[in-house]
Amino acid sequence: RSGRRGTSNTGGTGNSMDAPSAAGLGGADPQLQRFIEVETQKQRFQQLVHQMTELCWEKCMDKPGPKLDSRAETCFLNCVERFIDTSQFILNRLEQTQKSKSAFSESLSD
C-alpha cells in the first residue's frame, strides 16, 4: 500500500485552489463564464473519481496480480456503488437544506 493515503482527502469541493467561479467574474464574457463552469465541473468530477479509486483500491486490493479474483471484483463493484450512493445522498441532502433555508428566509421577509 502506498504512502499517499492522507494526501487526497480534500473532499474535492470547496477547496480554495478550485478554479474561480463564473459568478465571481462579474461582467465577464458569458462564453468565458460557461467555459469556466464546465472546466470546474470536470475538475470536480476528476477529483471524485480519484477519491473513489483510492478508497476502493485501499479497501479491496490485498495483493495486486495479473487478474482480479472474484472477491476483489465484487468488492470493487460494491465499493463504487456505495460511493456513488453516498455522494448522491449528500448532494440531495445539501439541496434540501438549501431549499429549506431559502423557504425560511422568504417567510421571514414576508
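Just so it is clear, the model here is predicted, and its values are computed rather than measured. Once a new chain begins, its residue numbering starts again from 1 and follows that chain's sequence as written. Only residues with pLDDT of 70 or above have their local features reported here, since the model is predicted, and side-chain atom pairs are shown and tallied only from 80 upward, although totals for entire chains, interfaces and linings are computed over all residues. Side-chain measures here rest on the full set of heavy atoms in the structure, leaving out hydrogens and waters.

Aromatic ring pairs are reported here in terms of the distance separating the ring centres and the angle at which the planes meet. Geometry of aromatic contacts follows a simple scheme: Phe, Tyr and Trp rings, the Trp one being its six-membered ring, pair when their centres are within 6.5 Å, and the pair is stacked under 30 degrees between planes, edge-to-face over 60, tilted otherwise. Enumeration over the complete set of coordinates arrives at one aromatic pair. When the centroid spacing of 6.3 Å and the interplanar angle of 45 degrees are considered together, the rings of Trp-57 and Phe-76 count as tilted. Within this pair, whereas Trp-57 is found in helix α1 (residues 30-60), its partner Phe-76 is found in helix α2 (residues 70-109), the two being separated by 19 residues in sequence. Taking relative accessible area as the criterion, Phe-76 reaches 18% and is therefore assigned buried. Only DSSP runs of H or I covering at least 4 residues are called helices, and only runs of E covering at least 2 are called strands; the numbering of each starts at the N terminus. Each residue gets one of three labels from its accessible area relative to the maximum for its type: buried under 20%, exposed over 50%, partly exposed in between, using a 1.4 Å probe on protein chains only.

Residue placement: Lys-59 occurs in helix α1. For the pair Lys-59 and Cys-75, spaced 16 residues apart in sequence, the C-alpha to C-alpha distance is 8.0 Å. Sequence-distant contacts of Lys-59, that is, excluding residues within four places in its chain, are made with Cys-75 and Cys-79. Whether two residues are in contact is decided by their heavy atoms, any of which lying within 4.5 Å being enough.

This paragraph deals with a nonpolar patch on the surface. Like charges within 9 Å and nonpolar side chains (Val, Leu, Ile, Met, Phe, Trp, Tyr) within 5 Å are joined into patches, using only residues over 30% in relative accessible area that form no salt bridge. Per-residue accessibility takes into account occlusion by the displayed protein chains alone, with areas from the Shrake-Rupley method and a 1.4 Å probe. Each reported salt bridge corresponds to a side-chain nitrogen of Lys or Arg within 4 Å of a carboxyl oxygen of Asp or Glu. There is a patch of nonpolar side chains on the surface, built from Phe-89, Ile-90, Leu-91 and Leu-94 and spanning about 420 Å² of accessible area. Judged by its relative accessible area of 54%, Leu-91 is exposed.

Glancing now at the state of the cysteines. The criterion for a disulfide is a pair of cysteine sulfur atoms lying within 2.5 Å. Applying the stated criterion across every chain yields a total of two disulfides. Disulfide pairing is shown between Cys-56 and Cys-79; the S-S distance is 2.0 Å. Taking the sign of the torsion about the S-S bond as the criterion, the disulfide between Cys-56 and Cys-79, at about -90 degrees, is left-handed. Of the two residues, Cys-56 is situated in helix α1 and Cys-79 in helix α2; the sequence distance between them amounts to 23 residues. Cys-56 gets classed as buried once you look at its relative accessible area, which sits at 2%. Here the chain pairs its bonded cysteines, counted in sequence order, in the arrangement 1-4, 2-3.

What follows is about the nonpolar core. In this description, a nonpolar core means a group of buried Ala, Val, Leu, Ile, Met, Phe, Trp, Tyr and Cys residues linked to one another through side-chain atoms lying within 4.5 Å. Counting eight residues, the largest nonpolar core consists of Met-52, Cys-56, Cys-60, Met-61, Cys-75, Phe-76, Cys-79 and Phe-83. Broken down by secondary-structure element, the contributors of at least two residues to this core are α1 and α2. If you tally residues by element for this core, the top one is α2, at four residues. For Cys-60, the residues in contact, after removing those within four places along its chain, are Arg-71, Ala-72, Cys-75, Phe-76 and Cys-79.

Looking now at the pattern of salt bridges. For the structure shown, the criterion picks out five salt bridges. Where Glu-37 meets Arg-34, a salt bridge forms, and the shortest distance between an N and an O atom there is 3.3 Å. Taken together, the positions of Glu-37 and Arg-34, both in helix α1 and three residues apart, correspond to about one turn of that helix. One salt bridge connects Asp-85 with Arg-82, and the closest N-O pair in it is separated by 2.7 Å. Pair noted here: Asp-85 and Arg-82 are both in helix α2, with a separation of three residues, about one helical turn. The partly exposed category is assigned to Asp-85, whose relative accessible area is 41%.

Purely geometric stuff here, so don't read any function into it on its own.
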